[in-house]
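Next come the chains, spelled out residue by residue.
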Amino acid sequence: MSTSQAIKAARGLRDILPSERAAWRLVEQAAHGVARRFGYQEIEVPMIEPIELIERGVGADTDVGSKEIYRVITQDDAKPRLALRPEATASVVRAYFEGGLNQAPQPVRLYLLGPMFRHDRPQAGRYRQFYQFDFEVIGDGSAAWDAEVIELAGSWLAAIGIAQVSLELNSIGDANCRPAYLERLKAYYRPLKDQLHPDCQRRLETNPLRLLDCKEPQCAPFKAAAPKITDHLCEPCAAAFAEVRRLLDAGGIEYRLNPYLVRGLDYYTRTVFEFHHTALGGAQNSLGGGGRYDGLATAIGYPDTPAVGFAGGIDRAVLMLAQEGQEVVPEPPAELLVVPGGGELTVAAAEVARIARVAVSTAADYSARSLRAKMRSAGKAGYRWVAILDEAEAARRVVQLRDMVSGEQREVGWDELPDRLLAGGNGL
Ligand code: AMP
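Conventions adopted
Residues numbered from 1 in each chain as written. Predicted model: local features only at pLDDT ≥ 70, side-chain atom pairs only at ≥ 80, totals over all residues. Heavy atoms only, no water. Buried < 20%, exposed > 50% of the residue type's maximum accessible area, 1.4 Å probe, protein only. Helix = DSSP H or I, 4+ residues; strand = E, 2+ residues; numbered from the N terminus. Contact = heavy atoms within 4.5 Å. Salt bridge = Lys/Arg side-chain N within 4 Å of Asp/Glu carboxyl O. Pairing = 2+ DSSP bridges. Axes fitted to C-alpha atoms, helices over the stretch in contact; angles between N-to-C directions. Left-handed = near helix turned anticlockwise from the far one by under 90°. Nonpolar A, V, L, I, M, F, W, Y, C, P; charged D, E, K, R; others polar. Phe/Tyr/Trp six-rings, centres within 6.5 Å; stacked < 30°, edge-to-face > 60°.

Quick question: what am I supposed to make of helix α13 (residues 371-381) here?
In an α-helix, one turn spans 3.6 residues; hence positions three or four apart end up facing the same way. Among the residues of α13, Ala373, Lys374, Met375 and Ala378 are the ones counted as buried. Residues of α13 that are buried in the fold lie against β12 (336-340), β14 (385-389) and β15 (398-403). Two residues or fewer after α13 comes Gly382, characterised by a positive phi angle close to 90 degrees.

Any chance you could explain the pattern of salt bridges here in plain terms?
Side chains bearing opposite charge may pair, as long as their charged atoms lie close to each other. A complete count under the given rule lists 23 salt bridges for this structure. Arg81 is the partner of Asp77 in a salt bridge, and the nearest nitrogen-oxygen pair spans 3.0 Å. For Asp77, a relative accessible area of 12% puts it in the buried group. Judged by its relative accessible area of 48%, Arg81 falls in the partly exposed class. Its salt-bridge partner being Asp146, residue Arg292 comes within 2.8 Å of it at the nearest N-O pair. Taken together, the positions of Arg292 in strand β10 (residues 286-292) and Asp146 in helix α5 (residues 143-160) put the pair 146 residues apart, joining distant regions of the chain. For Asp146, a relative accessible area of 2% gives the class buried.

What is the right way to read the sheet that holds strand β16 (residues 409-413) from this model?
Strand pairing in a sheet relies on backbone hydrogen bonds. The paired strands run either parallel or antiparallel. Taken together, five strands build an open sheet; the order of strands is β13-β12-β14-β15-β16 and the sheet is mixed. Strands at the two margins of the open sheet, each flanked by one partner only, are β13 (362-364) and β16. Averaged over all pairs of adjacent strands, the angle between their axes in this sheet comes to 30 degrees, without regard to strand direction. Note: β14 against β15, four bridges, orientation antiparallel. Considered in β15, the bridge of Val386 is made with Arg402. Along the sheet, helix α12 (residues 346-356) contacts β12, β13, β14 and β15; its crossing angle with β12, the most-contacted strand, is approximately 160 degrees.

How do you make sense of the sheet that holds strand β2 (residues 48-50) when you look at a structure like this?
Read from one edge to the other, the open sheet built from three strands follows the order β2-β4-β3, with strand pairing classed as antiparallel. The open sheet has two edge strands, β2 and β3 (71-72), and neither has a second partner. For β3 and strand β4 (residues 82-84), the ladder comprises two bridges, and the chain directions are antiparallel. Paired with Val72 across the strands is Leu82, a residue of β4. Across the sheet, helix α2 (residues 51-58) lies against β2, β3 and β4, angled at about 90 degrees from β2, the strand it touches most.

Which parts of the structure should I look at to understand the packing of helix α1 (residues 18-37) against helix α11 (residues 314-323)?
Relative placement of two packed helices is described by the angle separating their axes and the distance separating the axes. Relative to each other, α1 and α11 sit at 115 degrees, their axes nearing to 10 Å. The handedness of the crossing between α1 and α11 comes out as right-handed. Contacts from Ala23, Trp24, Leu26 and Val27 in α1 reach Ile314, Asp315, Ala317, Val318 and Leu321 in α11. By residue class, the composition of the contact of α1 with α11 is eight nonpolar, no polar and one charged.

I tried to follow the packing of aromatic side chains on my own but got confused; where do I start?
The description of an aromatic ring pair rests on the distance of the ring centres and on the angle between the ring planes. One pass over the structure, following the stated rule, counts 14 aromatic pairs. Consider the rings of Tyr40 and Phe135, whose centres lie 5.8 Å apart with planes at 80 degrees: the pair is edge-to-face. Here Phe135 lies in strand β6 (residues 129-138) and Tyr40 lies in the loop between α1 and β1 (41-42), a separation of 95 residues in the sequence. Overall, the relative accessible area of 3% leaves Tyr40 in the buried class. Note on Phe135: relative accessible area 0%, which makes it buried.

Shown next as structure tokens:
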């Protein structure tokens, strides 16, 4: 026997156990379903990418960029060249160009589901490996896509059945109007600098937009009177924002204007939005967010290309389902369990399982436990049917097929099993 300690998962990382997978599958299938219904195509991109792509994608000055990136060291690297993706947008844009999708009719609508990695402080709803549903519209700057992306995200949450959701919306302008606004914002905050949190004192010069989404109580009193960017949009940005709002209104999609909703990166332009779960306060109530990022393609070395997208948290969507008291019944491993009543029956049981599998998903219990114990655990696991056989039955090629819901049981020939099961056990 080994004397070493049992090795546990690393901090902030967790397993999604079979009993939890039913809820996960519901959330994932809702994602696939709505993405396809809106005409988005699935893409896969690597989980490991060049560090420069990741860094430019999230920005060095953001929380993710400054302290949450996992860098990967391989045996022949003097210094790391690769990193685990903390989000997928930059990878999707890279793939769009590398895969020649920029040559296809535009825009290209893409989606993916997969794990992301951030070295953040773990807590409920915040993990170091978490999963996102991500979709992007690349290659067209029309505000109609912004509204569509918002509608798609909302449809996903609705399809899951999460009810207590609120949508927040803002526009952060573009390279035309934002610089002048940022000067106004700095001019407003400079005389207040000494009263701000040290992080905000720094942001005032490095990333003033982020003063607006600061959560520090000491900075809160100054926000209300701060200039709002939506009062200072240039004409094209104001028109685009009006168009997004018109489309949302026409689609019956409710939202709240939130002038403090920002993205701290230069490549974000115009629309930003976020879905919150209203039942939960705190930093972990965001179910997903997105916006337009017309400057990202050039930031990672590709031709100037407009794009808009959304990233939703799958872990959090699953969590919110539970919060709202929606129980997703765990699925049994299979519909039918073959239960041999003795040790010499494994070949017969395997054959029965093979025959039944043509019709329904089928598992077998080869364990050496008593028939009683096997039936007890079959009931617990939620099998719909159990096919029991002893040696005499095996010799006659029959089983006792039991309906675990009604408790009825009847002898069925092996070769009749598929038809009988497909007919829902009719005649039991
Ligand atoms: P972001 O890319 O930061 O805008 O995140 C988009 C969504 O991903 C958030 O709204 C969350 O639902 C989810 N998310 C982000 N970080 C984490 C994390 N560390 N753990 C779990 N979910 C996360």
